[in-house]
Amino acid sequence: MEQEQTQQEPLANEENLNPDIDVTVDNETEEPKEESRRERRKREKEEKKQSENDKLQEMGEKLAEMNDKYMRVYSEYENYRKRTNLEKADLILNGGKDVIKSILPIVDDMERALAHMADGAEKEGVQLIFNKLMTTLEQKGLTPIVAKGEKFDENLHEAVTQFPAPTEDLKGKVVDEVEKGYYLNGKVLRYAKVVVGL
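Thresholds applied
- Residues numbered from 1 in each chain as written.
- Predicted model: local features only at pLDDT ≥ 70, side-chain atom pairs only at ≥ 80, totals over all residues.
- Heavy atoms only, no water.
- Helix = DSSP H or I, 4+ residues; strand = E, 2+ residues; numbered from the N terminus.
- Expected span 1.5 Å × (residues − 1).
- Buried < 20%, exposed > 50% of the residue type's maximum accessible area, 1.4 Å probe, protein only.
- Arc of directions from axis to C-beta.
- Contact = heavy atoms within 4.5 Å.
- Pairing = 2+ DSSP bridges.
- Axes fitted to C-alpha atoms, helices over the stretch in contact; angles between N-to-C directions.
- Patch = residues over 30% accessible without salt bridge, like charges linked within 9 Å, V, L, I, M, F, W, Y side chains within 5 Å.
- Areas by Shrake-Rupley, 256 points an atom, 1.4 Å probe, with all protein chains shown as cover.
- Salt bridge = Lys/Arg side-chain N within 4 Å of Asp/Glu carboxyl O.
- Lys, Arg positive; Asp, Glu negative; His and termini not counted.
- Charge placed at Lys NZ, Arg CZ, Asp CG, Glu CD.
- Phe/Tyr/Trp six-rings, centres within 6.5 Å; stacked < 30°, edge-to-face > 60°.
- Core = buried A, V, L, I, M, F, W, Y, C linked by side-chain atoms within 4.5 Å.

> Help me out: how do you make sense of helix α4 (residues 121-139) in this one?
For α4, spanning 19 residues, the distance from its first C-alpha to its last is 27 Å, which sits close to the expected 27 Å at 1.5 Å a residue. Among all positions in α4, only K123, F130, M134 and L137 are buried. Buried residues along α4 cover an arc of 55° about the axis, so they all sit on one side. More than 90 degrees from the buried face of α4, the exposed residues found are A121, E124, L128, I129, K132 and Q139. At its buried positions, α4 is contacted by α3 (97-116), β1 (142-145) and β4 (181-184). Where α4 terminates, the next one or two residues include G141, which has phi positive at roughly 105°.

Next up, the structure:
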């Protein structure tokens, strides 16, 4: 045992005496450790950078999605606003439609009465009242549909009957008007009842 101890001691002494061997071994082992630390740090930085890029891309996608939703809601609101404004304008223009439509038979009666009245002061007075009524209705958007002599149009005229045309040029045209038609602000309020030539 003593011999073994003595043999080990010189080895231990040699290691202590030769510092170059220790340093090289230590240096060799430390360099790979240092490189692996650098690589690890570099890898961690790259992973962090990749993670940040992924988050940035995800946030960009969310932003694009939210922007798309915003634009859809905004356009829906604009369409709603325009439609509501059009409905309000139409209501204002045609709000008295029912009242005016109920007055039209009275207008018809007055026209018939004027046609059968004898000329004189009474007729002039009734004519003035009738003109005043028509002026007021025209201010509200009422205009008569011109039918007599025009080509028959089912969008404007209602054919009551057909009659043999007195001349060739009246075929398919309105020969007589039974009841006047009217527009209210450009829309047909009442179709003209007409006689069409065959």
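And the narrative resumes.
> Looking at this model, I keep getting lost on the sheet that holds strand β5 (residues 187-190). Mind explaining?
The strands that make up a sheet are held in pairs by hydrogen bonds between backbone atoms, and each pair lies either parallel or antiparallel. The sheet built from 3 strands is open, its strands ordered β1-β4-β5 with antiparallel pairing. In this open sheet, the two strands that pair with only one neighbour each are β1 and β5. Strand-to-strand twist of the sheet, defined as the mean angle between neighbouring strand axes without regard to direction, takes the value 40°. In this sheet, β5 lies alongside β4 in antiparallel orientation, the contact comprising 3 bridges. Residue pairing across strands places Y182 opposite R190, the latter belonging to β5. The strands touched by α3 are β1, β4 and β5; relative to β5, the strand with the most contacts, the crossing angle is about 55°.

> Help me understand a positive patch on the surface in this model?
Judged by side-chain charge, R37, R40, R41, R43 and K45 come together as a positively charged surface patch. Of note, R40 is situated in helix α2 (residues 19-94).

> I keep staring at the sheet that holds strand β3 (residues 174-179) and nothing clicks. Help me out?
The 3 strands lie next to each other as β2-β6-β3, forming an open sheet whose pairing is mixed. Single-partner strands in this sheet number two, and they are β2 (157-163) and β3. Direction aside, neighbouring strands of the sheet carry axes that sit 30° apart on average. Examined bridge by bridge, β3 and strand β6 (residues 192-197) share 4 bridges and lie antiparallel to one another. By the bridge assignment, V174 is partnered in β6 with V196.

> What is the right way to look at the packing of aromatic side chains in this model?
To describe a pair of aromatic rings, you give the distance between the ring centres and the angle between the ring planes. As enumerated under the stated definition, the model contains 1 aromatic pair in all. Relative to Y74, the ring of Y70 lies with its centre 6.1 Å away and its plane at 25°, an arrangement referred to as stacked. Of the two residues, Y70 and Y74 are both situated in helix α2; the distance of 4 residues between them amounts to about one turn of the helix.

> When you look at the nonpolar core in this model, what are you seeing that I'm missing?
Buried together is how nonpolar side chains tend to be arranged in soluble globular proteins. Of all hydrophobic cores here, the largest spans 12 residues; its members are I100, L104, V107, M110, L114, F130, M134, L137, L142, Y182, L184 and L189. Looking at which element gives the most residues to this core, the answer is α3, with 5 residues. Once you skip the residues sitting within four places of it in the chain, M110 turns out to touch V126, I129, F130 and L133. In terms of nonpolar packing, the next biggest core, distinct from the first, is built from 5 residues, A147, V174, A192 and V196 among them.

> Which parts of the structure should I look at to understand the pattern of salt bridges?
Two side chains with opposite charge may pair up if their charged atoms get near one another. Tallying each qualifying case throughout the model produces 12 salt bridges. In this structure, D68 and R72 form a salt bridge, with 3.1 Å as the shortest nitrogen-oxygen distance. Highlighted residues: D68 and R72, both in helix α2, separated by 4 residues, approximately one helical turn. D68 sits in the partly exposed class, given a relative accessible area of 38%. A salt bridge links K193 to E179; its shortest N-O distance comes to 3.8 Å.

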